[in-house]
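Residue strings, one per chain:
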Amino acid sequence: MKENICKEKMGLVEKLGVHLEDREQLAPVAARILAYIILTGKKGTTFEDMVTILCASKSTISTHLKHLQDLQKIVYFTKTGDRKKYFIINKDMIGQHIDSMINKWSEEREMHLEIKKYKETINNSKIENENEKFDLTFHDDYIKFIDGAKASVEELKTNLANNKFDI
């Protein structure tokens with residue numbers, strides 16, 4: 001059973017790592033480190049564990065850990081009587097990602113509003129044949145989708161900020 005969980009975790013580390021490489025613009029090893037830290041959870045993971053489990057050199061792990069700390073994606077804590085650092089994700093990383101999503105959606109919403117306005121102007125002043133007029137339904141539906149998605153993500157961010165759940 002434990003071996004299956006370990007295999008499953010490492011499969012998820014790889015899958016999440018590939019996703020984080022693209023989304024966060026990280027080097028492959030840095031993305032795998034971040035994925036491993038995310039999947040290890042609140043107990044944290046040590047430098048030594050990552051060297052062993054991720055099969056990378058000490059210098060490679062050290063370099064990428066430093067980079068992830070500089071990016072404020074991870075933080076560490078220590079335990080009384082233990083000199084090791086235990087790495088966990090920085091809760092602010094999630095808030096930063098949510099802010100980025102909201103900004104992108106806001107920009108996209110504004111662009112759709114401008115395009116819709118332009119098409120309405122053309123429909124009303126230049127096109128006489130009804131069959132040639134722009135259909136504006138897509139823009140209305142997409143703007144409605146963006147508004148709903150933004151509201152949901154903003155609620156998630158509020159709950160995170162108010163410590164309604166512990167990551």
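In this text, all values refer to a predicted model and were calculated from it rather than measured experimentally.

A.B. asks: Help me out: how do you make sense of unusual backbone geometry in this one?
C.D. replies: Glycine aside, residues mostly have negative phi angles, and peptide bonds mostly take the trans form. With phi around 55 degrees, glutamine 25 is a residue other than glycine that occupies positive phi space. In this fold, glutamine 25 is placed in the loop between helix H1 (2-24) and helix H2 (28-40). We classify glutamine 25 as exposed; its relative accessible area is 64%. Positive phi, normally seen in glycine, also occurs at cysteine 55, with a value near 55 degrees. Counting through the fold element by element, cysteine 55 comes out in the loop between helix H3 (47-53) and helix H4 (58-70). A residue is classified by how much of its surface remains accessible, and cysteine 55, at 69% relative accessible area, is exposed.

A.B. asks: Looking at this structure, how should I read the packing of helix H5 (residues 91-125) against helix H6 (residues 137-161)?
C.D. replies: Packed helices, taken two at a time, are described by their axes: the angle between them and the distance between them. Contact pair H5 / H6: the axes reach a minimum separation of 9 Å and the direction vectors enclose 160 degrees. Between H5 and H6, the interaxial angle falls into the category roughly antiparallel. You can see that H5 and H6 cross each other, and the crossing is left-handed. In the contact of H5 with H6, the residues fall into 15 nonpolar, four polar and 11 charged.

A.B. asks: Sorry if this is basic, but what is going on with the layout of surface pockets here?
C.D. replies: One water molecule sets the probe size; rolling that probe over the atoms shows where empty space is left. Computed from the structure, the largest pocket encloses a volume of approximately 210 Å³. Lining the largest pocket are 12 residues, and of these Cys6, Lys9, Tyr36, Lys43 and Ile53 lie nearest its centre. Elements that contribute at least two residues to the lining of the largest pocket include exactly H1, H2 and H3. Here the lining of the largest pocket gets five residues from one element, more than from any other, and that element is H1. Grouping the constituent residues of the lining of the largest pocket by class yields five nonpolar, three polar and four charged. Estimated volume of the second largest pocket: approximately 150 Å³. Lining the second largest pocket are Arg23, Glu24, Lys73, Met93, Gln96, His97, Ser100, Met101 and Lys104. Residue assignment for the lining of the second largest pocket shows that the elements contributing at least two residues are H1 and H5. No other element matches the six residues that H5 contributes to the lining of the second largest pocket.

Calculation criteria
- Residues numbered from 1 in each chain as written.
- Predicted model: local features only at pLDDT ≥ 70, side-chain atom pairs only at ≥ 80, totals over all residues.
- Heavy atoms only, no water.
- Helix = DSSP H or I, 4+ residues; strand = E, 2+ residues; numbered from the N terminus.
- Buried < 20%, exposed > 50% of the residue type's maximum accessible area, 1.4 Å probe, protein only.
- Axes fitted to C-alpha atoms, helices over the stretch in contact; angles between N-to-C directions.
- Parallel < 35°, antiparallel > 145°, perpendicular 65-115°, else oblique.
- Left-handed = near helix turned anticlockwise from the far one by under 90°.
- Nonpolar A, V, L, I, M, F, W, Y, C, P; charged D, E, K, R; others polar.
- 1 Å grid on protein atoms, 1.4 Å probe; cavity = no way out; pocket = protein on both sides within 12 Å on 5 of 7 lines; lining within 4 Å.
- Points joined across faces, edges and corners; volume = space filled by probe spheres on them.

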